[in-house]
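# Per-entry structural report
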Amino acid sequence: MSGNMYEHHPHKLSSWNSNVNVDYNQDDVCSQFSEDLGTDSNRPLDIGQRLRNLFKNQQYTDVKFIVSCGVKPKPTLEAHRAILAAGSKKFADMLYGENSSSIAKDIHPDIQINNISFEAFKNVVEFLYTDDVYFCSDASVMETLNAAKLFLVQPLVDRCESYFESAEITETNACTRLQLSMAHKMDSLKNRCNQFIQENTRAVISSHDFKSAAMSTVRTICKLPKFNLRSEKELFDALLNWVDAQPLGRSKRRELIEPFMKNIRFLTIPLAEFTEIVHQCEGENIFSAKEALEIVMYLSNPGKNAVSLTLPTWCNKGTASRCALVNVPARPANRGHIADQRVTIALRQIKRGYMNTLFCVLSMKCLKGSYQIKGLKLAFGDPVTEQSCIGHLSIEVRILPCGFNFVEHCKIDNSKEVVITFSKPTFVKAGDTLHVRAEANETRGYNFMQFDQENSFQETTAFECTLGSVPKENRLFFIQEVLYIATQRYGRQAGRAVKNFRGGRPTPPF
């Protein structure tokens, strides 16, 4: 990739590519500018856009689904049997199988779907048309994952699991995500959760997420080989708080905590702390007098009493401590949303920037050093109203020569500026080229701005940049900043990232 040196700013390495290739016929994507938010009736649609429009406009459908999800009136969704059956064996059996003779004969059957939220069901159906899915929350991803497994849509299952595999783990969600990883057998996510909990045990077991966790999740945590705690008394106290948060927990303390007793290494707790536990639980029937005395006798002289004493049957005989209190550095505020450095592309207002579709392409060659690319800041011109919407924004990212690639998807409503944080760890080093292709589709009420060559790339950076857009008239662009940080750990982290995602769905060349 070559870049031009601008006379006014000798340190700039940047150029506008007027012949940018986005793997589309340029005549097919040229749009007419219009002042009425620009409908684009003359532009031919590709097969993906035609299928998307069939679903979006509910045109020529031949089946109606009535979703029974506790909402009245029951929401409905219409679709095309052939498209659903082609992408899902479950739908194929439902609509054309041996037990569906009455449905197959009906010209436009009504089919009731039970025990699935409307949003999750709609995500499954829409994915079969578009290969895209938009998530508004973790709960939405979980519901969609369950629905995708039910309807045997494996690519959507993979997409949902990928969301969680790469998502940040914190003390407020570690237990929920551990539970999810066990339910759906996501070993990589489970290992990440276990590691995080072992390093941040005190914060995790003090959280509301722990108090509301399922019994199986709490038991898994109790079995971990290491804890960042002063002693196991802290874990026992957290279990009592978990019990109290359960229905009728205060009246069934012994019954609810008993399944965890064998996982607590009471024999590693200092005698003074165990005595404190006994007084704390007095009258709760958690320890019988005999059980408490046996453990106290052992702790008073472990070496002498190890053989002669009979310990309670539930008492874990482990004497190796799992606890070591280590200070955990505080995570910076807004982690993942603020980059230390940025490449800035100046944009200026233009009156005739309304379009239905715009492709923006940005290539950045790393000339020296190593960096993590955190994400992009997008910007749009005035006015932005409540009706302004980009129905589908996709951002394809590729790093050459290693071939690491992924795609981000989102929807934008009435926002003048948006920060897109990459969900995959994205690293570049000297000699690598980062390619970004951002595609805004189904756009209403957004006025795209114009690339301002004179005021762009004011910073001295380690990147040589080439950018362009299609349609190429007026140099419209909406990527305003690339957010990144310097890193010295490219080889280990980025190498692992490329290995983890190399098997993903390939994206077309830029």
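As a starting point, this report considers the structure included with it.

Definitions and cut-offs
Residues numbered from 1 in each chain as written. Predicted model: local features only at pLDDT ≥ 70, side-chain atom pairs only at ≥ 80, totals over all residues. Heavy atoms only, no water. Helix = DSSP H or I, 4+ residues; strand = E, 2+ residues; numbered from the N terminus. Contact = heavy atoms within 4.5 Å. Areas by Shrake-Rupley, 256 points an atom, 1.4 Å probe, with all protein chains shown as cover. Axes fitted to C-alpha atoms, helices over the stretch in contact; angles between N-to-C directions. Left-handed = near helix turned anticlockwise from the far one by under 90°. Nonpolar A, V, L, I, M, F, W, Y, C, P; charged D, E, K, R; others polar. Buried < 20%, exposed > 50% of the residue type's maximum accessible area, 1.4 Å probe, protein only. Core = buried A, V, L, I, M, F, W, Y, C linked by side-chain atoms within 4.5 Å. Pairing = 2+ DSSP bridges. Polar contact = N/O pair within 3.5 Å; in protein donor to acceptor, adjacent residues only side chain to side chain. Phe/Tyr/Trp six-rings, centres within 6.5 Å; stacked < 30°, edge-to-face > 60°. Arc of directions from axis to C-beta. Salt bridge = Lys/Arg side-chain N within 4 Å of Asp/Glu carboxyl O. Parallel < 35°, antiparallel > 145°, perpendicular 65-115°, else oblique.

## Brief notes about the overall build of the chain
The helix and strand tally for the chain stands at 19 helices and 17 strands. Considering only intrachain contacts with a sequence separation of at least 6, the fraction spanning at least 24 residues in the chain is 76%. On the chain, roughly 25,000 Å² of surface is accessible, and the fraction owed to carbon and sulfur atoms is 50%.

## Focus: the packing of helix 6 (residues 118-130) against helix 8 (residues 154-166)
With their axes 10 Å apart at the nearest point, helix 6 and helix 8 run at an angle of 115 degrees to one another. Read as a crossing pair, helix 6 and helix 8 show a hand that is right-handed. Between helix 6 and helix 8, the residues in contact are Asn123, Val124 and Phe127 and Pro155, Leu156 and Arg159, respectively. Here the contact of helix 6 with helix 8 is composed, by residue class, of four nonpolar, one polar and one charged.

## Remarks on unusual backbone geometry
Between Lys72 and the following residue, Pro73, the backbone shows a cis peptide bond with an omega angle of -5 degrees. Note on placement: Pro73 falls in the loop between strand 2 (63-68) and strand 3 (76-79). Going from Val470 to Pro471, the amide bond is cis rather than trans, its omega being 0 degrees. Its location among the elements puts Pro471 in the loop between strand 15 (463-470) and strand 16 (476-477). Phi at Tyr60 is positive, roughly 55 degrees, even though this residue is not glycine. Mapping Tyr60 onto the fold places it in the loop between helix 2 (47-57) and strand 2. Residue class for Tyr60 comes out exposed when judged on its relative accessible area of 68%.

## As for the nonpolar core
If you look at the biggest cluster of nonpolar residues, it comprises 79 residues, and the most contacted ones within it are Phe91, Phe121, Phe236, Phe266 and Phe287. Membership of the second largest hydrophobic core comes to 49 residues, among which are Ala379, Val397, Phe406 and Phe422.

## Focus: the sheet that holds strand 6 (residues 347-348)
With antiparallel pairing, three strands are arranged side by side in an open sheet as 6-14-16. Each of the sheet's edge strands pairs with one partner strand only, and the pair in question is strand 6 and strand 16. Two strands pair when backbone bridges link them, and strand 6 and strand 14 (residues 449-451) are joined in this way by two bridges, in the antiparallel orientation. Considered in strand 14, the bridge of Arg348 is made with Gln450.

## Some thoughts on the side chain of Asp132
Residue position: Asp132 is located in the loop between helix 6 and helix 7 (138-150). What makes Asp132 buried here is its relative accessible area of 7%. Side chain to side chain, Asp132 and Arg52 meet in a polar contact 2.7 Å long. Not counting residues within four places of it along the chain, the set of residues in contact with Asp132 comprises Arg52, Glu126, Phe127, Arg159, His392 and His409.

## Quick word on helix 13 (residues 215-222)
The complete set of buried residues in helix 13 reads Thr217, Val218, Thr220, Ile221 and Cys222. Its buried side turned inward, helix 13 meets helix 9 (174-183), helix 10 (187-199), helix 12 (208-211), helix 14 (232-244) and helix 15 (253-261).

## Side note on the sheet that holds strand 3
Strand order in the open sheet formed by three strands is 3-2-4, with mixed pairing between adjacent strands. The two strands at the open ends of the sheet, each matched to only one other strand, are strand 3 and strand 4 (110-114). Neighbour-to-neighbour, the strand axes of this sheet turn through a mean angle of 30 degrees, independent of strand direction. Here strand 2 runs beside strand 3; their pairing, made up of four bridges, is antiparallel. Along strand 3, the bridge assignment pairs Ile66 with Thr76.

## What about the packing of aromatic side chains?
Applying the stated rule across the entire model yields 24 aromatic pairs. Pairing Phe266 with Trp314 gives two aromatic rings, centres 5.6 Å apart and planes at 75 degrees, and the pair type is edge-to-face. Here Phe266 is found in the loop between helix 15 and helix 16 (271-280), whereas its partner Trp314 is found in the loop between helix 18 (302-308) and strand 5 (341-344), with 48 residues between them in sequence. The exposure classification of Phe266 matches that of Trp314, with both residues buried.

## Quick word on helix 15
For helix 15, the full list of buried residues reads Arg253, Arg254, Leu256, Ile257, Phe260 and Met261. Across the axial projection of helix 15, the buried residues extend over an arc of 165 degrees, all falling on one side.

## Focus on the environment of Ala147
On the secondary structure map, Ala147 appears in helix 7. Residue Ala147 is classed as buried on the basis of its relative accessible area of 2%. The spacing of Ala147 and Val157 is ten residues in sequence and 8.8 Å in space, taken between C-alpha atoms. Residues contacting Ala147, with those up to four places away along its chain left out, are Ile116, Ala120 and Val124.

## A word on the pattern of salt bridges
All told, the structure shown has 21 salt bridges when counted by the stated rule. A salt bridge links Glu442 to Lys56; its shortest N-O distance comes to 3.9 Å. Of this pair, Glu442 sits in strand 13 (residues 433-444) while Lys56 sits in helix 2, placing them 386 residues apart in sequence. The class for Glu442 is partly exposed, based on a relative accessible area of 24%.

## A look at the packing of helix 9 against helix 13
For the pair helix 9 and helix 13, the least separation of the axes is 9 Å and the interaxial angle reads 100 degrees. On the basis of their axis angle, the class for helix 9 and helix 13 is roughly perpendicular. Counted together, Cys175, Leu178, Gln179 and Met182 of helix 9 and Ser216, Thr217, Thr220 and Ile221 of helix 13 form the full contact between these two elements. For the contact of helix 9 with helix 13, the residue count by class is four nonpolar, four polar and no charged.

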